[in-house]
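These are the residues of each chain, in order.
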Amino acid sequence: MCGIASKSVLRSCWAVFLLTIMCLLSGKVVAAPAAEVAALIAQAGNTEDESERLAALKRLAESPAADEALRNDARHLAEFVQRWQGSSLKFYLGQIKGKRPQVLAEYDFQIRSDSPLAPLAALYRGRMLAWTLIENSTVRTDPKWAPWFHDESVRAFREAEAAFPRNRIPGMYQGRAIPNPKSYAPVPGAPRWAQLQREHLDRFREIICWWIEHRQRSNGEFGGGWGDDCEMWRWWAPVLLGFEDPEVLVGQLKFSRTAMDRPHLKGGFNTVVTDVEHAAEDTTDNLVPLLLLDASNPRWTEWSASLAGLLDRVWTGTNQRNQRQFKSFYFSGTETSPNPGRALDVIANVAAVNPALLVWLQTRDPALTRPLGELLMSWVVATTRAENGKPAGILPASIRWPDGAVAGSRSLSQNSRGQVGRPSGTDQPTGSGAGPEDHWWEPVAPGGFMHSYYIWPSVITEMTDALLVARLVTGEERFLQPIRSMAAIRLGYLKNPPREEPQPGTLAWCAQRLAPPANANSNIGALVKTLAKCRALLGTSEFDELIRLDAGDAVILPDAPGRQRLEQALEESLATLRVNFPGFTSEVRSTDRCMRFVQFLARDAKFDEYLGVTLPKHELVYRMATGDANAPRFPMPAVRWRTPSRDIAVLVTEAGTDRFQAELFHFGADPRALVAELRLLKPGRYRVEVTAAGRPIDTPPPAELAVSGPVTPLALQLPPQQLCVLTLAPLDNR
């Protein structure tokens, strides 16, 4: 007890000394606070536990040893900390509503500037600035304000750290990682990829369960607001869609079911007119997981199909080229924006009908074919044209309403003044149309809201995946033309790269930007992921050369070089997951950015390019486990494993419509029973085989499997700690 008391006194004296030095350095002479007061200040600042901090501040606010001014400061800061722990993670934005986000640097904590608690307020100021930079794409991509936000937040963290050196959080934001002590002992016989995936799944699950336990409210929300919370499932996908974990499944269903019952979605879609990325997420990011995880409820299928009705009645019209297109990329469930500056059909608009496209693929409902097929065909036709500077064979960034011309934000603003793009009633480019200055690749002008999201190629693989769905449903080869033309352009670029950096909007620039972005979990660029989907679902080999050249870690190739790349990517990813657990959990203010803390540490202030950092590669683990070739927001998984994600690893090596193969390793000491839900195989009879070390396992599954519907269960029992290979191949299906 004496030793503990002595340490406490030493800590208090150290806090007094630091505060005195800070005051002297700032030129301010104040009396050193009493030891009790200094101890409470030190406790509030040095702890990484918000509850402990709040308790210390409340005690300080009531302490007779503190003067009235300090008690006032403590009271106000305690109120702020209590709100910081509350149900709204970004409550502080209310103070700057209608103002530029830069004013966060002057956030009023209602405490004195020379208060001993000012360094603690600086900790929160740094956090607010940091998470604004991480979340806000307009700030993050601005060459002036992005580094300003970073530097201002780092300055605040340094102020906090100087006063409270035992708090590791300020250092984390400055690049000094906080280790996660959890470790995983190697298991004999487990291949390297399996050990790495097992650790990924467990660490992802740990983060997911933290959010469910600490942040999920009774109505399902997580605190970031419905529009941000709804995106969390995307990085949950390796655990949520790859396996069946009861706690994770319940958490997601609780959120999505409640989200779909809000008045905000009266009429089946967002009631507020806003840009498609935000208008569509309330439905797309809830209906898509519900279609997969709550498939027995017909409500989700019906709701998803109804989006095609909104497409037909509200969002689209027949343009002057006699083609169906969206009238704007700002819309709600009842209207489209009449603003002529937003009269564009953009690539991202397809996200509004993603759930309908998935239902279309599953049901082949002819009622969905007309609106969806007509919309996608307008993009096919626009791809073939060289227009307003866009090269032929390149999918446009946007199509202008009502003339149907390829156009960008600059020509659109000119058109709204009646200078170009006047209706002609022909299928030819209209008006003076055109020059490279029109920036066909920029639906939003630089500095505008969500500029970087909509700039070409935007979420291009959501569109190319949709075109593949149209080909699968209708059998029309024309739907593949944009995919084929862009693949040829990309392959030509790789074989004969230009000597100089290409100019924006040119053919070479487009070819360059079709590459899979490094360290990105998104549908931006990465044409190769759709090509891999074509190979799997169409059985074609026409894109194999480009897939090999562009695969990286965007496409899993089961050969030796592919496995080497896979393991290297998983190692890089784990380097991020093994540290800074608070950066994925308690520090997060924007729930749509739970996996993005490392973005703040980017080198050279290029915060959208992930230089010097590696994002946790949740999409890669999702692809390994499910055999889906692309991202979960437009999911086509080949399999879902009805077993928890713990102590298991899966690598799907072949996932077509007529065959399936996966490697599985169970890390436990006893046999493991599970069910594989097969989701891509076409109807027929299949030979089933499970081998370990080239021999059938002791408890084999049935030798044959009949597939007759969209989901077919296959019961398995895996032996412990042996690498197994599950193979399904077609029998004579005549």
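Residues numbered from 1 in each chain as written. Predicted model: local features only at pLDDT ≥ 70, side-chain atom pairs only at ≥ 80, totals over all residues. Heavy atoms only, no water.

Draft legend 1. Quick look at the overall build of the protein chain. Secondary structure assignment for the protein chain yields 27 helices and 15 strands. What you see for the protein chain is a C-alpha radius of gyration of 28 Å, in line with the 27 Å of a compact globule of 734 residues. Referenced to the eigenvectors of the C-alpha coordinate spread, the extents of the protein chain come out at roughly 90 × 75 × 55 Å. Counting over 734 residues, the protein chain shows a buried share of 59%. Look at the contacts in the protein chain between residues 6 or more apart in sequence, and 68% of them connect residues 24 or more apart. When the accessible area of the protein chain is evaluated, it comes to approximately 29000 Å², of which 52% is carbon and sulfur surface. Across the protein chain, the mean location of the 82 positive side-chain charges is 1 Å away from that of the 81 negative side-chain charges. (Helix = DSSP H or I, 4+ residues; strand = E, 2+ residues; numbered from the N terminus. Rg over C-alpha atoms; globule rule 2.2 N^0.38 Å. Buried < 20%, exposed > 50% of the residue type's maximum accessible area, 1.4 Å probe, protein only. Contact = heavy atoms within 4.5 Å. Areas by Shrake-Rupley, 256 points an atom, 1.4 Å probe, with all protein chains shown as cover. Lys, Arg positive; Asp, Glu negative; His and termini not counted. Charge placed at Lys NZ, Arg CZ, Asp CG, Glu CD.)

Draft legend 2. Spotlight on the sheet that holds strand S10 (residues 672-678). Strand order in the open sheet formed by three strands is S7-S10-S14, with antiparallel pairing between adjacent strands. The open sheet is flanked by strand S7 (639-642) and strand S14 (712-718), the only strands paired with a single partner. Neighbouring strand axes in the sheet, compared pairwise and without regard to direction, differ in orientation by 25 degrees on average. Across seven bridges, the pairing between S10 and S14 is antiparallel. (Pairing = 2+ DSSP bridges. Axes fitted to C-alpha atoms, helices over the stretch in contact; angles between N-to-C directions.)

Draft legend 3. Up close: the packing of aromatic side chains. Under the definition given, this model contains 35 aromatic pairs. An angle of 75 degrees between the planes, with centres 5.0 Å apart, marks the rings of Trp 84 and Tyr 124 as edge-to-face. Of the two residues, Trp 84 sits in helix H4 (residues 68-84) while Tyr 124 sits in helix H5 (residues 118-135), which places them 40 residues apart along the sequence. Geometry around Tyr 330 places Arg 342 over its ring, the cationic atom sitting 3.8 Å from the centre. The residue whose ring lies beneath Arg 589 is Trp 84, and the NZ or CZ to ring-centre distance is 3.7 Å. (Phe/Tyr/Trp six-rings, centres within 6.5 Å; stacked < 30°, edge-to-face > 60°. Lys NZ or Arg CZ within 6 Å of the ring centre and 35° of its normal.)

Draft legend 4. Here's a closer look at the layout of surface pockets. A volume near 820 Å³ is recorded for the second largest pocket. Lining the second largest pocket we find 29 residues, and of these Leu 361, Gln 362, Arg 679, Leu 680 and Pro 710 sit closest to its centre. Residue contributions to the lining of the second largest pocket peak at four residues, all from helix H16 (residues 354-363). Residues belonging to the lining of the second largest pocket are distributed by class as follows: 18 nonpolar, six polar and five charged. (1 Å grid on protein atoms, 1.4 Å probe; cavity = no way out; pocket = protein on both sides within 12 Å on 5 of 7 lines; lining within 4 Å. Points joined across faces, edges and corners; volume = space filled by probe spheres on them. Nonpolar A, V, L, I, M, F, W, Y, C, P; charged D, E, K, R; others polar.)

Draft legend 5. Representation of the environment of Met 463 within the structure. With respect to the helices and strands, Met 463 occurs in helix H20 (residues 460-474). Given the relative accessible area of 2%, Met 463 is considered buried. Separated by 60 residues in the primary sequence, Met 463 and Asn 523 have C-alpha atoms spaced 9.4 Å apart. With residues up to four places along the chain from it excluded, the contact list for Met 463 reads Ile 347, Val 350, Leu 376, Trp 379 and Leu 395.

Draft legend 6. Representation of the side chain of Thr 47 in the model. Looking at where Thr 47 falls in the secondary structure, it is placed in the loop between helix H2 (35-46) and helix H3 (50-62). A polar side-chain atom of Thr 47 sits 3.0 Å from the main-chain amide nitrogen of Asp 49. Residues within four places of Thr 47 in sequence aside, it is in contact with Glu 52, Arg 53 and Asn 167. (Polar contact = N/O pair within 3.5 Å; in protein donor to acceptor, adjacent residues only side chain to side chain.)

Draft legend 7. Just the packing of helix H9 (residues 192-214) against helix H11 (residues 233-240), in detail. One can describe the packing of H9 onto H11 by two numbers: an axis separation of 9 Å at closest approach and a directional angle of 125 degrees. When the axes of H9 and H11 are compared, the pair comes out oblique. Here the hand of the crossing between H9 and H11 comes out left-handed. Residues Leu 201, Phe 204, Arg 205, Ile 207, Ile 208, Trp 211 and Ile 212 of H9 form the contact with H11, whose participating residues are Trp 235, Trp 236, Pro 238 and Val 239. Of the residues assigned to the contact of H9 with H11, the class counts are 10 nonpolar, no polar and one charged. (Parallel < 35°, antiparallel > 145°, perpendicular 65-115°, else oblique. Left-handed = near helix turned anticlockwise from the far one by under 90°.)

Draft legend 8. Up close: the confidence of the model for the protein chain. Taken residue by residue, the protein chain gives an average pLDDT of 92. The fraction at 70 or more is 92%. Of the regions scoring below 50 in pLDDT, residues 415-436 engages in 36 contacts with residues more than four places distant in sequence or in other chains. (pLDDT = per-residue confidence, 0-100.)

Draft legend 9. Geometry of the pattern of salt bridges. Tallied over the entire structure, the rule returns 51 salt bridges. For Asp 553, the salt bridge is made with Lys 617, and the minimal N-O distance between the two is 3.1 Å. Of the two residues, Asp 553 is situated in the loop between helix H24 (544-550) and helix H25 (560-577) and Lys 617 in the loop between helix H26 (581-584) and helix H27 (618-626); the sequence distance between them amounts to 64 residues. Judged by its relative accessible area of 5%, Lys 617 is buried. Residue Arg 623 is joined to Glu 619 by a salt bridge in which the shortest nitrogen-to-oxygen separation is 3.5 Å. Remark: Glu 619 and Arg 623 occur in helix H27; sequence separation between them is four residues, near one turn of the helix. Each of the two residues, Arg 623 as well as Glu 619, counts as buried. Bridged by salt links that share partners, the residues Glu 231, Arg 234, Asp 285, Glu 462 and Arg 633 form one connected network. (Salt bridge = Lys/Arg side-chain N within 4 Å of Asp/Glu carboxyl O.)

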